[in-house]
Amino acid sequence: MARAWAKEDAVVGRQGRVTGKIGPGLVGEVMIPIRGGVEAFYAYSAIQGEEIPVGSLVVVMDYHPPRTVYVSSASI
Amino acid sequence: MPIVAVAIGAVVAIIVLIIIFKAIWRVAEPNEALIISGLGAKAHNRDTAESLGFKITTGKGTMVLPGFQTCRRLSLDTRVSGLEVTCVTSQGIKVHVRGVVIYKVGDDFSSIANAARRFLDQQKMMDDKTHQLFAGHLRSIVGNLTVEDLLRDRDRLTNQVRTSSADEMGKLGLVVDSLQIQDIEDEVGYIDNLGKPNSAAVASAARIAEAQRNQEATQAEQMAEQANAAQIRDTEIKKRQYQGQVDQAAAEARQQVITKETKNAELEADRREKALEAEVRKPADAKAYERVTLAEAERKAAVAQAQAEAEATKINGQAEAEATRMKGIAEAEAIKARADALAENQEAVIAQQLAERWPEIVEAGAGVFGNVDNMVVLNGAEGVEDMLAKALTLGGTGLGVARQLLSTMNGQRSADASASNGKLVPVESDPDTK
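Residues numbered from 1 in each chain as written. Chains lettered and ligands numbered in written order. Predicted model: local features only at pLDDT ≥ 70, side-chain atom pairs only at ≥ 80, totals over all residues.

### Regarding the sheet that holds strand E5 (residues 69-75) of chain B
Residues and elements named next belong to chain B.
Phase 1 of the analysis: Taken together, 3 strands build an open sheet; the order of strands is E3-E2-E5 and the sheet is antiparallel. Each of the sheet's edge strands pairs with one partner strand only, and the pair in question is strand E3 (55-58) and E5. Direction aside, neighbouring strands of the sheet carry axes that sit 25 degrees apart on average.
Phase 2 of the analysis: Relative to E3, strand E2 (residues 32-38) runs antiparallel, the two being bridged by 4 bridges. Looking across to E3, one finds that Leu-34 is bridged to Thr-57. (Pairing = 2+ DSSP bridges. Helix = DSSP H or I, 4+ residues; strand = E, 2+ residues; numbered from the N terminus. Axes fitted to C-alpha atoms, helices over the stretch in contact; angles between N-to-C directions.)

### Overview of the interface of chain A and chain B
Phase 1 of the analysis: Every contact between the two is made by 15 residues of chain A and, on the other side, 17 residues of chain B.
Phase 2 of the analysis: Those elements giving two or more residues to the side of chain A that touches chain B turn out to be helix H1 (2-9) and strand E3 (37-45) of chain A.
Phase 3 of the analysis: Considering each element in turn, the side of chain A that touches chain B owes the most residues, 3 residues, to E3 of chain A.
Phase 4 of the analysis: Classifying every residue of the side of chain A that touches chain B gives 8 nonpolar, 1 polar and 6 charged. (Contact = placed C-beta atoms within 7 Å. Nonpolar A, V, L, I, M, F, W, Y, C, P; charged D, E, K, R; others polar.)

### Quick word on the sheet that holds strand E2 (residues 28-34) of chain A
Phase 1 of the analysis: Strand order in the closed barrel made by the 5 strands is E1-E2-E3-E5-E4 (chain A), with mixed pairing throughout. Across the sheet, the axes of successive neighbouring strands diverge by a mean angle of 55 degrees, strand direction being ignored.
Phase 2 of the analysis: Packing of helix H5 (residues 154-172) of chain B onto the sheet brings it into contact with strand E1 (15-20), E2 and E3 of chain A, and relative to E1 of chain A it is tilted by some 110 degrees.

### Quick word on the nonpolar core
Residue and element names in this part refer to chain B.
Phase 1 of the analysis: One finds Ala-33, Ile-35, Leu-74, Ile-112, Ala-115, Leu-174 and Val-176 to be the most contacted residues of the largest nonpolar core, which totals 36 residues.
Phase 2 of the analysis: Mapped onto this core, the elements with two or more residues apiece are E2, E5, strand E7 (94-105), helix H2 (109-119), helix H3 (126-144), H5 and strand E8 (174-186).
Phase 3 of the analysis: Ranked by the residues each element gives to this core, the list is headed by H2, at 6 residues.
Phase 4 of the analysis: Each of domain 1 (2-72) and domain 2 (77-188) gives at least three residues to this core.
Phase 5 of the analysis: Discounting residues that sit within four places of it in the chain, Ile-112 has contacts with Ala-33, Ile-56, Leu-74, Val-105, Gly-106 and Gly-173. (Core = buried A, V, L, I, M, F, W, Y, C linked by C-beta atoms within 7 Å. Buried ≥ 20, exposed ≤ 12 C-beta atoms within 10 Å, placed from the backbone. Domains from an automatic or database assignment.)

### Observations regarding H3 of chain B
Residues and elements named next belong to chain B.
Phase 1 of the analysis: When the terminal C-alpha atoms of H3 are compared, their 27 Å separation across 19 residues agrees well with the 27 Å that a helix rising 1.5 Å per residue should span.
Phase 2 of the analysis: Within H3 the residues assigned to the buried category are Thr-130, Phe-134, His-137, Leu-138, Ile-141 and Val-142. Here the buried residues of H3 occupy an arc of 135 degrees about the axis, which is enough to place them on one side. In H3, the exposed residues that point more than 90 degrees away from the buried face are Asp-128 and Gln-132. (Expected span 1.5 Å × (residues − 1). Arc of directions from axis to C-beta.)

Written out as structure tokens, the structure is:
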């Protein structure tokens with residue numbers, strides 16, 4: 001049960017929407033559906049130098065507590 | 001009875017159970033997290049795989065052992081903190097910024113744990129601390145932006161907020177939901193001046209448009225007025241022309257009438273002249289002729305009469321002249337005879353003359369008495385007569401004196417006459433007049 005609960009709360013692997021531009025020198029923002037709601041996370045690009053504009057779909061590659069995620073563009 | 005006791009005992013037991021359950025069972029509401037610490041309250045951080053040392057429960061109930069464990073609640077509600085900062089923009093313009101920041105404790109266990117460690121006993125002071133933290137952040141945020149960015153570029157503003165505050169907020173376990181700038185005041189009028197070019201351009205465009213429309217309207221009005229005036233002028237001219245024609249026709253008609261009348265009058269005058277000639281002149285001529293003839297006859301009669309009278313007068317005159325001449329000759333002879341007689345007896349003539357002058361002599365004699373103031377006559381009236389008689393006799397005796405008196409009087413008279421007649425008026429020969 002604890003396992004399921006943990007899986008439910010996992011951030012990595014989830015899709016999110018960029019609400020603040022991600023790029024070098026910038027702290028981006030993504031909205032990720034989690035825990036029944038939607039929360040905002042600070043986002044950096046998982047690939048060095050990649051720029052992800054506002055409105056793109058991203059996949060969370062890595063999660064750094066408390067609120068930081070590394071994302072990669074989901075749309076090709 | 002035992003049934004009742006059993007029932008009561010059961011109720012009491014249930015109540016006791018409820019009370020115990022209430023005492024050890026706590027439920028976390030959706031907006032709060034339960035922080036349970038104490039005996040056996042350990043949980044593993046799923047992401048970091050580290051022990052927290054306390055248990056966090058959200059959105060469900062959990063058992064708390066009274067005495068062995070403590071349970072505290074941490075609110076996950078949104079919090080609002082007002083900001084008011086005076087700072088300088090990247091252009092060096094001093095601005096006064098009022099804003100508001102909306103934040104909350106993060107929903108993940110890491111944030112809750114961080115926040116719980118920092119704020120569990122100071123939840124009321126969280127606003128104050130956040131305010132101080134954000135005042136500093138806002139200052140640096142504004143310092144990286146221009147006034148124009150603050151006003152328009154919301155994206156940059158939020159980006160700056162994230163960039164500057166992400167890590168620190170992470171440390172505190174807080175999440176910034178929103179940062180709003182409500183008001184920007186600058187002391188040098190920069191913001192007002194930003195808008196001025198546009199407002200001036202719009203105002204000038206409005207004025208230009210208004211002026212142009214005014215001009216067009218005025219032009220149209222004036223043209224309409226001109227057209228009206230021209231129309232009125234044409235109408236007036238036509239009216240006058242027609243009026244002139246009418247007047248001319250009337251004048252001509254009147255002229256004809258007058259000509260006719262004049263002719264009539266002339267004819268009338270002729271007629272009257274003829275009539276007068278017939279009625280007055282002819283009779284007058286006849287009468288005049290009659291009178292002339294009569295006057296001629298009268299004149300001839302008068303002339304004849306005058307001639308007759310003159311003849312008669314002449315004859316009478318001659319007769320009278322003859323008579324007068326004869327009479328004169330007779331008188332002359334008489335005078336001559338008398339003169340001869342006088343020459344012969346002068347004394348008689350003088351006496352006669354004296355007699356003629358007697359009153360004057362008496363007057364002269366009386367003049368003697370005129371010089372006497374008081375004359376006392378002793379003999380009364382007889383005395384006066386007596387004296388006068390004596391005086392007269394004295395005069396009579398003094399005939400020489402009388403003669404002398406007369407001669408002097410005559411001389412005086414002739415002298416007077418000669419003086420009046422032959423007065424010589426000397427003609428003054430004035431050399432200046434020549």
